[in-house]
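Here are the chains, one letter per residue:
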Amino acid sequence: MNIIVCVKQVIDPEAPPSSFRIDPATNRAEMRGANPVIDPYGEYAVEAALRLKDAGGAKVTVISLGSNLLREVVKKPLAMGADELILLEDAAYDGGDSYSTALALAAAIKKIGQYDLILCGREASDTNAGQVGAGVAEILSLPCVTLAKRLEAGAGNLVVERVTSAGYDVVEVGLPAVITISNEIGEPRYPTVKGIMAAKKKEPLVWKPTDLGLDASRLGSAGRKVKLLRLYQPVYEGRCEFVEGQTPEEAGANLAIKLREAKVI
Amino acid sequence: MAENQGVLVYLEHREGKLLPIALEGLGAGRRLADTLGQRLSCVAIGSNIAQLASQAIAAGADRVYLMDSPELADYQPDIYLALMGQLVAEARPQVIIMGHTDTGREIAPRLAFRFGTVAVTDCVELNIDNTSGRLLATKPVYGGNALAVFSTDTDPQVVTVRTKAMAPAVPNASRQGEVITPAYKVEPSVVRARIVRRVLAESAGVKLEDAAVVVAGGRGIGGAEGFKQLEDLARLLKGAIGASRPPCDSGWISDTAQVGLTGKIIAPELYIAVAISGSSQHMSGCSGARTIVAINKDREANIFRHARFGVVGDWKKVLPAFTAKVKELLAS
């Protein structure tokens, strides 16, 4: 089975919210003092691919798109056990929306040619849009299942458990297909020392827009369908009333009294 | 080519009734349609759903499209998507509103791509730009650390709206509207991913989405055992149990208890957050609560920026005393 996983480099979503900052001049965000990471949702997708590889053998190819991709970051899926890494790395890919990003990824997947399964995270932790997987499926005319928490390969098909608000749906889908993976699939594995060493030696393929046969006007910010007009941080009042006590137990009891006085309980 | 006109709301329903998210969609849709001076339409897909039309008209719809057939009884995303595609091609709405729900999350992006554009998902605010007449769609990004306002020149302008973010329509039974049964074709061949079984997670007691009180635990709870203590408090307050993502990922509690951007978005009267640091992604799910109470050992934890009342301390010591006192006060 040939599996392609799309993973993004993002600012660290696990960094404390207090380190989050927006540069109003560029409408870009950063986490002060924290290095970029592989998107955690994409990491779940890598994990899903590796589990299928463990179960029945598979070649796992990872694609990342952007500019200034840090090799030590984007190579993490290789260290976890993926086989190949393709970078769509060029300034032209930068600043895209789900539309221009899906367009470039779909073109790269077509160029790879051999694929049974395309996995993406359920959404990226920066844009929180959840559309690239769906877009790739539509562009390539492939079936699509979103929010998977379990995958099991059958004969020419895949059985997917899709997370719902009430439980889950069992979905059968023919291959090739696009599946987006949700965090319910379980913790991604840590790279092994052996994996890290192997990843260090492996050089990613880098594909420019011309390699994909795409004009730069359709890519990145130039190819956007949706414009970002404003990016800002909501302000919270921070009016917490701290309830104290001589001991933690007393503080707990005082909290109950305080809530009663405030008619909260 | 005629220009796209009007606002179209996708109606979610269960057992012959519009769900709250449908009323929220209609509430937002009515407001946008009035600003644009255009018609508000809506669409319901299902079986035996004729009674939804009067509910939707009372809630502000000028026109209701009903796709009502026994073969549409069960939700199949590929079929529903194809039907939406047919309707949108025919009705050519300028704006399409779906809920950011199991259905909307799945269908809206694919629908948008079929019309050569993208959706703006999980919107918390919708407005019309005075000058351009285009939709301004505000949504949380960076896990809720920031808000972004998007606009597009391409029609249809597709959005999904967050549950409980839009003011619901107030029904008025005297309102008038038309009901249309559009021509449509259900082609079984479009189904390439088929739902073969729907599994409902067992949940004892009050449903998380409906609970007036929610007691939630975070990473600091440390294990399944700790959640038992939270359940005692939840039971006492006739509430439901919730969690941030780490306890769900670690299997300490069911995935369906997850509150946050990628879990449930809830708005209870009282949200008691125990050992939850309050990541933006978690706060996205509970910031609509009327009162947030936090117990956390770290005074700098983000949760205290959102909480109305808080105790800084080890929950293992604070919580039992708190629960005991609550019990005493409720009994008196």
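Given the structure is predicted, the values throughout are model-derived calculations rather than measurements.

Here the focus is the overall build of chain B. Of regular secondary structure, chain B possesses nine helices and 18 strands. In terms of overall size, chain B behaves like a compact globule, its C-alpha atoms giving a radius of gyration of 22 Å where 332 residues would be expected to give roughly 20 Å. Taken over the C-alpha atoms alone, chain B extends approximately 70 × 45 × 40 Å along its principal axes. For chain B, the residues scored as buried account for 61% of the 332 residues in total.

All names here are of chain B. When its domains are assigned, chain B resolves into domain 1 (7-190) and domain 2 (213-331). For domain 1 and domain 2, the distance between their C-alpha centroids amounts to 33 Å. Listed per partner, the contact involves eight residues of domain 1 and seven residues of domain 2. Buried area between domain 1 and domain 2, both sides added, is near 660 Å², and the carbon and sulfur share of it is 45%. Taken as a group, Gly 143, Arg 162 and Lys 164 account for 56% of the area that domain 1 buries against domain 2, more than any other trio of residues on that side. The interface formed by domain 1 and domain 2 contains zero salt bridges. Across the contact surface, domain 1 and domain 2 share four residue pairs in polar contact (both at pLDDT 80 or more). In the side of domain 1 that touches domain 2, the residues fall into no nonpolar, four polar and four charged.

To continue, consider the packing of helix H4 (residues 98-112) of chain A against helix H5 (residues 132-139) of chain A. Residue and element names in this part refer to chain A. It is the contact of H4 with H5, at a shortest axis distance of 8 Å, that shows an interaxial angle of 55°. It follows from the interaxial angle that H4 and H5 lie oblique. Relative to H5, H4 is oriented so that their crossing is right-handed. Contact residues: Ser 98, Thr 101, Ala 102, Leu 103, Leu 105, Ala 106 and Ile 109 in H4; Val 132, Gly 135, Val 136 and Ile 139 in H5.

As a further point, take the pattern of salt bridges. All names here are of chain A. What the rule picks out here adds up to 35 salt bridges over all chains. Salt-bridge contacts for Lys 76 lead to Glu 43; the nearest nitrogen and oxygen are separated by 3.1 Å. Here Lys 76, found in helix H3 (residues 76-80), pairs with Glu 43, found in helix H1 (residues 40-56); they are 33 residues apart in sequence, far enough to count as distant. Assessed through its relative accessible area of 13%, Glu 43 is described here as buried. Members of the salt-bridge network, linked through shared partners, are Glu 47, Arg 51, Asp 54 and Arg 189.

This part takes up the nonpolar core. One recurring pattern in soluble globular proteins: nonpolar side chains tend to sit buried together. Of all hydrophobic cores here, the largest spans 78 residues; its most connected members are Leu 88 of chain A together with Leu 26 and Leu 126 of chain B. In terms of residues, this core owes the most to one element, H4 of chain A, which gives eight residues.

Residue and element names in this part refer to chain B. Along strand E6 (residues 95-99), five of the five residues are buried, which leaves the element largely enclosed by surrounding structure. Neither face of E6 is left uncovered, since the one carrying Val 95, Ile 97 and Gly 99 and the one carrying Ile 96 and Met 98 both have all their residues buried. Note that strand E1 (residues 7-10) and E6 share three bridges and pair parallel. Considered in E6, the bridge of Leu 8 is made with Ile 96. Pairing geometry for E6 and strand E11 (residues 157-161), over five bridges, is parallel.

On to the packing of aromatic side chains, then. For the coordinates displayed, the defined rule picks out four aromatic pairs over all chains. When the centroid spacing of 5.3 Å and the interplanar angle of 10° are considered together, the rings of Tyr 99 of chain A and Phe 113 of chain B count as stacked. Of this pair, Tyr 99 of chain A sits in helix H4 while Phe 113 of chain B sits in helix H4 (residues 102-114), which puts the two residues in different chains. Its guanidinium or amino end placed over the ring of Phe 309 of chain B, Arg 308 of chain B lies 4.8 Å from that ring's centre, counting from NZ or CZ.

Tracing the backbone shows Tyr 168 of chain A in strand E11 (residues 167-174). When the C-alpha positions of Tyr 168 of chain A and Val 7 of chain A are compared, they lie 25 Å apart, and in sequence the two are 161 residues distant.

Here we take up the side chain of Glu 123 of chain A. With respect to the secondary-structure elements, Glu 123 of chain A resides in the loop between strand E8 (117-121) and H5. In this structure Glu 123 of chain A comes out as buried when scored by relative accessible area, which is 10%. Of note is the side chain of Glu 123 of chain A, whose polar atom sits 3.0 Å from the side chain of Asn 128 of chain A. Dropping the residues within four chain positions of it, Glu 123 of chain A is found in contact with Asp 39, Tyr 41, Asn 128, Ala 129 and Gly 130 of chain A together with Leu 261 and Thr 262 of chain B.

Moving on, we come to the domain arrangement of chain A. For chain A, the domain assignment lists domain 1 (2-223) and domain 2 (235-265). Just the C-alpha atoms count here: the centres of domain 1 of chain A and domain 2 of chain A sit 44 Å apart.

What follows covers the sheet that holds strand E16 (residues 270-274) of chain B. Strand pairing in a sheet relies on backbone hydrogen bonds, with the paired strands running either antiparallel or parallel. Here we have six strands laid out as an open sheet, ordered E15(A)-E18(B)-E17(B)-E16(B)-E14(B)-E15(B), and parallel in their pairing. Bordering the open sheet on either side are strand E15 (241-242) of chain A together with strand E15 (240-243) of chain B, each of which pairs with just one other strand. In the packing of helix H5 (residues 224-236) of chain B onto the sheet, contacts are made with strand E14 (213-217), E15 and E16 of chain B, and the angle to E15 of chain B comes to roughly 140°.

With 79 residues of chain B at the contact, the number on the chain A side is 81 residues. Here chain B and chain A share an interface that buries about 7,200 Å² over both sides, 58% of which is from carbon and sulfur atoms. Where chain B touches chain A, the interface holds eight salt bridges. There are 37 residue pairs in polar contact (both at pLDDT 80 or more) connecting chain B and chain A.

What counts as what
- Residues numbered from 1 in each chain as written.
- Chains lettered and ligands numbered in written order.
- Predicted model: local features only at pLDDT ≥ 70, side-chain atom pairs only at ≥ 80, totals over all residues.
- Heavy atoms only, no water.
- Helix = DSSP H or I, 4+ residues; strand = E, 2+ residues; numbered from the N terminus.
- Rg over C-alpha atoms; globule rule 2.2 N^0.38 Å.
- Buried < 20%, exposed > 50% of the residue type's maximum accessible area, 1.4 Å probe, protein only.
- Domains from an automatic or database assignment.
- Contact = heavy atoms within 4.5 Å.
- Buried area = accessible area lost by both parts, 1.4 Å probe.
- Salt bridge = Lys/Arg side-chain N within 4 Å of Asp/Glu carboxyl O.
- Polar contact = N/O pair within 3.5 Å; in protein donor to acceptor, adjacent residues only side chain to side chain.
- Nonpolar A, V, L, I, M, F, W, Y, C, P; charged D, E, K, R; others polar.
- Axes fitted to C-alpha atoms, helices over the stretch in contact; angles between N-to-C directions.
- Parallel < 35°, antiparallel > 145°, perpendicular 65-115°, else oblique.
- Left-handed = near helix turned anticlockwise from the far one by under 90°.
- Core = buried A, V, L, I, M, F, W, Y, C linked by side-chain atoms within 4.5 Å.
- Pairing = 2+ DSSP bridges.
- Phe/Tyr/Trp six-rings, centres within 6.5 Å; stacked < 30°, edge-to-face > 60°.
- Lys NZ or Arg CZ within 6 Å of the ring centre and 35° of its normal.

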